[in-house]
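Summary of structural features
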Amino acid sequence: MLEVSVFFFRVAKLYCSVEARCAHRKFSSKELSSMNSLIRNTSRCLRLGAACSLPRQAEGRVWVASTRRFCAASDLQKDLGDMVKKDKVVVFMKGTPAQPMCGFSNAVVQILRMHGVDDYAAYNVLADEALREGVKVFSNWPTIPQVYFNGEFVGGCDILLQMHQNGDLVEELKKLGVQSALLDDEKDSK
C-alpha cells in the first residue's frame, strides 16, 4: 500500500509541475484524450494490482510512457486482438513500410506492394519492446514480421512469399475485397 501512496504522490507532483509550466497553454482535444486515457488505464491497473511505471521527465519535457506499460499482459493481448481486427491487412514489422529495418520486413512490404496493397496497418515493433514480445505470444509465432488478414494470423515472410509464389495470396486478397494488381497486369498484357 505504501508503494501506491508513493506512486500517487509522484503523479500528483508531476501533474503540478506540468500544470505550472503549461498554465498559459491550451491543450488540444487529442492531448486531453491521451491524458484521460493514461489516467484511466493507470487507475485500472492499480485496482488490479498490476505493476506500474512512472512517466519519465527528460530535458524539461514530460515523456509519458506508452499506456501499454501501465497494463497487465492480458490487457496487451486484448489490445493486440483489437489491433489485428481494426484493418483488413495488418503487419507487425521491424521499421515502417517507407523504411523497413530488416530484409524480411522489406520482403513483406514489397510483396504487398506488388499486389497493390497499399492500405494496411503497419506497427513498428522496434519502437515498443512490449509490443514486440507481446505479438509473438499473441500469435504463438516466434518471428517478426507477422501478417494478419481480417484478424486472422497468416504467417511471416516465408508464408507470405510462398502464398505469393503459388497464387494463394491473390485468392486471399480477393476474399478481403482487394483486387491484386498482378491480375490487372495479366489483363493488360493480353
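See the structure shown above.
Residues numbered from 1 in each chain as written. Predicted model: local features only at pLDDT ≥ 70, side-chain atom pairs only at ≥ 80, totals over all residues. Heavy atoms only, no water.

**A short note on the pairing of strand β4 (residues 121-124)**
Of the two faces of β4, the one holding Ala 121 and Tyr 123 is buried and the one holding Ala 122 and Asn 124 is not buried anywhere. Direction of pairing for strand β3 (residues 89-93) relative to β4: parallel, over a ladder of four bridges. Residue pairing in the sheet places Val 91 in a bridge with Ala 122 of β4. Following the backbone out of β3, through helix α4 (residues 103-114) and into the adjacent parallel β4, one traces a crossover that is right-handed. (Buried < 20%, exposed > 50% of the residue type's maximum accessible area, 1.4 Å probe, protein only. Helix = DSSP H or I, 4+ residues; strand = E, 2+ residues; numbered from the N terminus. Pairing = 2+ DSSP bridges. Right-handed = clockwise from strand over helix to strand, strands pointing away.)

**Focus on the sheet that holds strand β5 (residues 146-149)**
Taken together, the four strands give an open sheet; going across it, the order is β4-β3-β5-β6, and neighbouring strands pair in mixed fashion. Each edge of the sheet is formed by a strand with only one pairing partner; in this case those strands are β4 and β6 (152-155). If you compare each strand with its neighbour and ignore which way they point, the axes differ by 25° on average. Along the sheet, α4 contacts β3 and β5; its crossing angle with β3, the most-contacted strand, is approximately 160°. (Axes fitted to C-alpha atoms, helices over the stretch in contact; angles between N-to-C directions. Contact = heavy atoms within 4.5 Å.)

**Examining the state of the cysteines**
Scanning the entire structure with this criterion turns up zero disulfides. The thiol sulfur of Cys 102 is not disulfide-bonded, and the nearest other cysteine sulfur, from Cys 157, lies at 8.0 Å. A relative accessible area of 18% places Cys 102 in the buried class. (Disulfide = S-S within 2.5 Å.)

**Looking at the packing of aromatic side chains**
By the definition in use, this model includes five aromatic pairs. Seen from their ring centres, Phe 92 and Tyr 148 are 5.8 Å apart, and the 80° between their planes marks the pair as edge-to-face. Linking Phe 92 in strand β3 with Tyr 148 in strand β5, this pair joins segments that are 56 residues apart in sequence. Judged on exposure class, the residue Phe 92 and its partner Tyr 148 are both buried. With centroids separated by 5.3 Å and ring planes inclined at 55°, the aromatic side chains of Tyr 148 and Phe 153 adopt a geometry described as tilted. Judged by relative accessible area, Tyr 148 falls into the buried class, the value being 1%. (Phe/Tyr/Trp six-rings, centres within 6.5 Å; stacked < 30°, edge-to-face > 60°.)

**Some remarks on the packing of α4 against helix α6 (residues 157-166)**
Axis angle and axis distance: for two packed helices, these are the angle between their axes and the distance between the axes, and together they describe the pair. At a minimum axis distance of 9 Å, the contact between α4 and α6 shows a crossing angle of 30°. Classified by the angle their axes make, α4 and α6 are roughly parallel. Of the two elements, α4 crosses α6, and the hand of that crossing is left-handed. Listed contacts from α6 to Phe 104, Ala 107, Val 108, Ile 111, Leu 112 and Met 114 of α4 are Cys 157, Leu 160, Leu 161 and His 164. (Parallel < 35°, antiparallel > 145°, perpendicular 65-115°, else oblique. Left-handed = near helix turned anticlockwise from the far one by under 90°.)

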